[in-house]
Amino acid sequence: MRDFSRVEIDSILQRAEKLETFASKGSSNLLDGKILAMLFYEPSTRTRLSFETAMKRLGGETINMVSTEVSSAAKGEMLADTIKVVGEYADVIVLRHPKEGSARMSAEISGVPIINAGDGAGHHPTQTLLDLYTIKRESHLHNLNIALIGDLKYGRTVHSLAYALSLYDAKISMVSPEQLCIPIAIKEDLTKRGINIYETTKLEDVIEEADVIYVTRIQRERFPDIGEYQKVAGSYRVSLESLKHCKEDVIIMHPLPRVDEIDVDVDSTKHAKYFKQAFYGVPVRMAVLSLVLGCEA
Amino acid sequence: MKRELRVHPIRNGTVIDHIAPGQALNVLKILGIIGTSDAVVSVVMNVQSKKTHKKDIVKVEDRELNPHEVDKIALIAPSATINIIRDYKVNKKDKVILPDAVDGVVRCANPNCISNTHEPVTSKFTIDKSQSQIRLRCIYCEQTISDNIADHLL
Ligand SMILES: Nc1ncnc2c1ncn2[C@@H]1O[C@H](COP(=O)(O)OP(=O)(O)O)[C@@H](O)[C@H]1O
Ligand SMILES: [Mg+2]
Ligand SMILES: [Zn+2]
């Protein structure tokens, strides 16, 4: 997301808005006769299903690699060769691969567009776009005050989102335990882009001001012992109690899957937007697919 | 003879002057002059210079550098000057130019980068010269290298 411009992002979000009516029901023939190849070298549920849904709702077809082919690839076939071959079958390729930069390399050698659906610890741009779309539809991108909560050290989702939000002059609060705070290099890079960052370890410090509360999982593996983990993770859990002093129209987002960082009691409040957020993956991926395939929305 | 010329003059070859102090041995590494080599080389380290405070100098006989070698030297010694010596005289003098990008010169430090696999891909880095210390950014994984660049040369 570091090299997307604001104009490009805005045009994708606008396109998604136009296509949203086809995302949950009905269909369109916009991508009639087009084939999307899904190359997933790592497991995924939501990303994979929402790309397939997006393609099919727009009248296109999808082809998939089955898991034995993934394992034979692990034994030796070069990704570069697979990309060249599959590019002869399909009009567009969605790639998830464990190596950072795999999508970039694929785009260099492929005759058809490559959409990055996650490259190791690298990027997952359609996730960021759907996060932005959710903020736009359920809150506002202008003058946004957002709190990013949880694992800000290893969480690529929040890094990409922070870069994208730097284009919208958002005020970002980074809430994490000390050992999981945002890496210095990323913080410096963001500050250079003129973004206003406030760092804290306490959820209470930011909850009253936030328009958006973006929650991410704190992983057990990051802590030396389970006691320490439970203590830390517990203090970032979003519950009805912790929402008592928040803004009336605050929204709560989460990239999912959730474990217990948001109480299920919160699900039924008007603030909970994480399932809607997952749904918005469909119109956003419709927008990206139709854009790279050169079809007017 | 100039004061700084501490070794005998060479007839034909290259003098790499104004090398950042401490980088002379890395320059030799770039030129492939390590261990057993028949190259006639003299190295001067930490001499006083008017231009910079201290500098290293490398002189190699009967050798002119290729552009790839010059790019590498630019990365570790951006202020170096390359003097081509022909018939004892400085025939051509050029400051190294730090390019905006380098291909196949540096290995990415990220073990999980696609450029460190058996895939047919050449490492590529963009060079950020805006700070006093240059910073390389892998175009594939975006990881940066700014310290000890010499250790990452291919
Ligand atoms: N024939 C030579 N043999 C070895 N070194 C030489 C020879 N001619 C010049 N040099 C060295 O090459 C560098 C550049 O030479 P010159 O252009 O005369 O000096 P400067 O760059 O200081 O103006 C100096 O370090 C000088 O000592
Ligand atoms: Mg001189
Ligand atoms: Zn890399």
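The structure displayed is predicted, hence computed values, not measured ones. (Residues numbered from 1 in each chain as written. Chains lettered and ligands numbered in written order. Predicted model: local features only at pLDDT ≥ 70, side-chain atom pairs only at ≥ 80, totals over all residues. Heavy atoms only, no water.)

Quite often, the size of an interface is put as the accessible area lost when its parts meet. In this assembly, 17 residues from chain A lie in contact with 16 residues from chain B. Interface of chain A and chain B: buried area, both sides summed, is about 1500 Å²; carbon and sulfur atoms make up 46% of it. The shortest N-O distance in the salt bridge between B:Lys124 and A:Glu108 comes to 3.8 Å. The interface formed by chain A and chain B includes nine residue pairs in polar contact (both at pLDDT 80 or more). Elements with a contribution of two residues or more to the side of chain A that touches chain B: helix 4 (79-89) and helix 5 (102-109) of chain A. The dominant element in the side of chain A that touches chain B, judged by the number of residues it contributes, is helix 5 of chain A, at four residues. (Contact = heavy atoms within 4.5 Å. Buried area = accessible area lost by both parts, 1.4 Å probe. Salt bridge = Lys/Arg side-chain N within 4 Å of Asp/Glu carboxyl O. Polar contact = N/O pair within 3.5 Å; in protein donor to acceptor, adjacent residues only side chain to side chain. Helix = DSSP H or I, 4+ residues; strand = E, 2+ residues; numbered from the N terminus.)

So, on to the sheet that holds strand 8 (residues 212-215) of chain A. Residue and element names in this part refer to chain A. The parallel open sheet is built from five strands, whose spatial order is 7-6-5-8-9. Strands at the two margins of the open sheet, each flanked by one partner only, are strand 7 (196-200) and strand 9 (251-253). Strand after strand, the sheet turns through a mean of 20° between neighbouring axes, direction not considered. Of the pairings in the sheet, the one linking strand 5 (residues 145-149) to strand 6 (residues 171-175) comprises five bridges and is parallel in character. Residue pairing in the sheet places Asn145 in a bridge with Lys171 of strand 6. Helix-sheet contacts for helix 6 (residues 125-138) involve strand 5, strand 8 and strand 9, and the interaxial angle to strand 9 is about 170°. (Pairing = 2+ DSSP bridges. Axes fitted to C-alpha atoms, helices over the stretch in contact; angles between N-to-C directions.)

Attention shifts here to the domain arrangement of chain A. All names here are of chain A. Each assigned domain of chain A is listed here: domain 1 (6-123 + 278-292) and domain 2 (125-274). A separation of 27 Å is found between the C-alpha centroids of domain 1 and domain 2. Counting from both sides, the interface comprises 27 residues of domain 1 and, opposite them, 20 residues of domain 2. The largest contributions to the domain 1 side of the interface with domain 2 come from Arg6, Leu13 and Tyr280, which together make up 30% of the buried area. Seen at the junction of domain 1 and domain 2, the total is two salt bridges. Residues Glu17 and Lys136 are paired through a salt bridge, measuring 3.0 Å at the closest nitrogen-oxygen approach. Summed over the shared surface of domain 1 and domain 2, the number is 12 residue pairs in polar contact (both at pLDDT 80 or more). Only helix 1 (6-24), helix 2 (46-57), strand 4 (114-119) and helix 11 (274-292) provide two or more residues apiece to the side of domain 1 that touches domain 2. With nine residues, the single largest contributor to the side of domain 1 that touches domain 2 is helix 1. (Domains from an automatic or database assignment.)

Glancing now at the coordination of the zinc ion (ligand 3). Residues and elements named next belong to chain B. The zinc ion (ligand 3) binds to the protein through Cys108 (SG), Cys113 (SG), Cys138 (SG) and Cys141 (SG), with metal-donor distances spanning 2.3 to 2.4 Å. The coordination sphere of the zinc ion (ligand 3) comprises four donor atoms, whose angles at the metal cover 97 to 117°; the geometry is tetrahedral. Read N to C, the donor residues that coordinate the zinc ion (ligand 3) are spaced as C-x4-C-x24-C-x2-C. A single burial state applies to Cys138 and to Cys141, both of which are buried. (Donors = N, O, S within 2.8 Å, 3.2 Å for Na, K, Ca; no water. Tetrahedral: all angles 85-135°; square planar, octahedral: opposite > 155°, others 65-115°. Buried < 20%, exposed > 50% of the residue type's maximum accessible area, 1.4 Å probe, protein only.)

All names here are of chain B. Along helix 2 (residues 67-76), the residues that are buried comprise Glu69, Lys72, Ile73, Ala74, Leu75 and Ile76. Close packing links the buried residues of helix 2 with strand 1 (13-19), helix 1 (24-30), strand 4 (81-86), strand 6 (101-103), strand 7 (124-128) and strand 8 (135-138). The residue sitting at the N-terminus of helix 2 and contributing the capping side-chain oxygen is Asn66; that oxygen lies 3.0 Å from the backbone nitrogen of His68.

Across the junction of A:Leu256 and A:Pro257, the peptide omega takes the value 5°, indicating a cis bond. Among the secondary structure elements, A:Pro257 is positioned in the loop between strand 9 and helix 11. Positive phi, close to 60°, is recorded for A:Leu256, a residue that is not glycine. For A:Leu256, the position within the fold is in the loop between strand 9 and helix 11. Positive phi, close to 70°, is recorded for B:Glu142, a residue that is not glycine. Here B:Glu142 lies in the loop between strand 8 and strand 9 (144-145).

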